[in-house]
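# Coordinates in review
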Amino acid sequence: MRKEISQLARDNIRKLKPYSCARYEFKGEASVYLDANENPLNEPYCRYPDPLQDKLKGKIAEIKHIRPSQIMLGVGSDEPIDLIIRIFCEPKEDNIAAIDPTYNMYKVCADINNVEYRPVLLNDDFSLDAERLLQSVDDHTKIVFLCSPNNPSGNALTREEVKKILSAFGGITVIDEAYIDFSTHPSWLSELDTYPNLIVLQTFSKAWGLASLRCGMAFASEEIIDYINKVKYPYNINYLTQNFVKWNLEKEERKNVWVQQLLEQRAILLKKLAKIPFIEKIFPSDANFILVRVPDPESIYDKLVEKGIIIRKRNNLSLCNGCLRITVGTKEENNKLINELEKI
Ligand SMILES: *Cc1c(COP(=O)(O)O)cnc(C)c1O
């Protein structure tokens with residue numbers, strides 16, 4: 001049974017009267033701004049930025065075919081991950097569940113907020129068993145975190161299994177789609193109106209090539225977005241980032257070309273990795289990275305480091321025995337990696 005958002009949110013958050021900043025109280029165009037104690041002598045940088053990033057959201061809404069009111073922008077996806085836990089989970093009382101293995105930030109944010117974290121194993125091929133996940137939730141489970149395509153495994157979770165969770169779980173379901181641009185699976189964004197307790201996360205850090213800016217997106221019902229906006233720092237996205245992200249959105253085609261190039265490189269890399277004798281298994285990828293299994297991940301990692309090539313050890317995660325994660329780089333970078341692997 002679906003629970004109402006107001007029923008899921010913590011009491012103190014529901015009652016919270018948020019900080020009201022100057023740029024929030026007066027919206028519109030004026031010629032003289034004497035309301036925010038700014039130093040007026042360094043235009044435009046002396047002005048506080050738009051706290052709700054209206055122009056940028058307008059452009060995102062256009063591209064994503066949703067309403068601007070369904071968007072929250074954060075300092076990376078990390079900000080909404082933390083805020084969602086803080087809004088819905090009473091420390092030491094509520095809990096969250098997540099697939100395992102997955103992106104570690106959900107657990108770190110749960111730990112910081114003193115909220116119990118329940119990892120639920122995926123199947124050996126990293127597919128989702130919705131029943132297993134649903135069995136591990138209880139009345140105090142406020143949020144389920146899914147990640148699709150999943151990091152570090154690279155696979156997208158199937159629609160049928162995700163749908164089972166969206167239909168049966170009464171709390172908030174978060175689907176982290178950081179890698180959606182690299183996947184053949186469709187986004188869950190178009191289902192926001194069907195599932196009022198769904199939050200979809202995306203980011204400018206991967207396909208858009210803007211990891212240094214720290215800008216992430218949360219998409220959800222207006223009611224959820226209002227809660228997140230109430231709790232976030234008023235001026236979380238600075239002026240330069242707002243403008244530069246908007247400029248990048250206007251050049252969307254450039255992103256699409258990059259994605260095509262990386263998908264091509266991924267296909268080439270998959271073929272070449274398959275010829276490396278000591279690689280036991282290559283997991284299929286819907287993302288811009290590839291997970292492989294080797295007998296001795298530590299020594300392979302060390303040998304690559306010696307050559308100045310850094311990949312990621314993932315062998316200590318659940319179901320990831322012997323696993324290394326390789327990001328798809330440029331053609332030259334991938335060739336260098338393959339060259340060194342061939343010599344091992
Ligand atoms: C890289 C990644 C992100 C992006 O985080 P940002 O804070 O937006 O840079 C989010 N989720 C997953 C699963 C990731 O791998």
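Data block above holds the structure.
Residues numbered from 1 in each chain as written. Predicted model: local features only at pLDDT ≥ 70, side-chain atom pairs only at ≥ 80, totals over all residues. Heavy atoms only, no water.

### Some points on the sheet that holds strand S11 (residues 323-327)
- In spatial order, the strands read S8-S9-S11-S10; together these 4 strands make up an open sheet with antiparallel pairing. This sheet does not close on itself; its edge strands, each paired only once, are strand S8 (281-282) and strand S10 (312-313).
- Bridge count for strand S9 (residues 289-293) against S11 is 5 bridges, and the pairing is antiparallel. Looking at S11, one finds that arginine 293 is bridged to cysteine 323.
- The sheet strands contacting helix H11 (residues 252-274) are S8, S9 and S11, and the helix crosses S9 at an angle near 10°. (Pairing = 2+ DSSP bridges. Helix = DSSP H or I, 4+ residues; strand = E, 2+ residues; numbered from the N terminus. Contact = heavy atoms within 4.5 Å. Axes fitted to C-alpha atoms, helices over the stretch in contact; angles between N-to-C directions.)

### Structural notes on helix H10 (residues 239-250)
- Here H10 is 12 residues long and its end C-alpha atoms lie 17 Å apart, about the 16 Å a rise of 1.5 Å per residue gives.
- Residues of H10 that are buried include every one of Thr241, Gln242, Val245, Asn248 and Leu249, and no others. Looking down the long axis of H10, one finds its buried residues gathered within 130° of arc, a one-sided arrangement.
- With a side-chain oxygen lying 2.9 Å from the backbone nitrogen of leucine 240, the N-terminal cap of H10 falls on asparagine 238. (Expected span 1.5 Å × (residues − 1). Buried < 20%, exposed > 50% of the residue type's maximum accessible area, 1.4 Å probe, protein only. Arc of directions from axis to C-beta. Polar contact = N/O pair within 3.5 Å; in protein donor to acceptor, adjacent residues only side chain to side chain.)

### A few points about the layout of surface pockets
- Volume-wise, the largest pocket comes out at about 750 Å³.
- Surrounding the largest pocket, 22 residues form its lining, Glu29, Tyr48, Pro49, Asp50 and Lys55 being those nearest its centre.
- Only helix H4 (54-64) and H10 provide two or more residues apiece to the lining of the largest pocket.
- Considering every element that reaches the lining of the largest pocket, the biggest residue donor is H10, with 6 residues.
- One number sums up the size of the second largest pocket: a volume of about 350 Å³.
- Of the residues assigned to the lining of the second largest pocket, the class counts are 7 nonpolar, 7 polar and 7 charged.
- Each of two domains, domain 1 (5-22 + 51-247) and domain 2 (253-343), supplies a minimum of three residues to the lining of the second largest pocket. (1 Å grid on protein atoms, 1.4 Å probe; cavity = no way out; pocket = protein on both sides within 12 Å on 5 of 7 lines; lining within 4 Å. Points joined across faces, edges and corners; volume = space filled by probe spheres on them. Nonpolar A, V, L, I, M, F, W, Y, C, P; charged D, E, K, R; others polar. Domains from an automatic or database assignment.)

### What about helix H13 (residues 331-343)?
- Under the 1.5 Å per step criterion, the end-to-end length of H13 is 19 Å for 13 residues, consistent within 8% with the ideal 18 Å.
- Taken as a whole, H13 has its buried residues at Asn334, Leu337, Ile338, Glu340 and Leu341. The buried residues of H13 all sit within an arc of 165° when viewed along its axis, so they share a single face. For H13, exposure combined with an orientation more than 90 degrees from the buried face picks out Lys331, Glu332, Lys336, Glu342 and Lys343.
- In the core, the buried residues of H13 are packed alongside H11, helix H12 (297-306) and S11.

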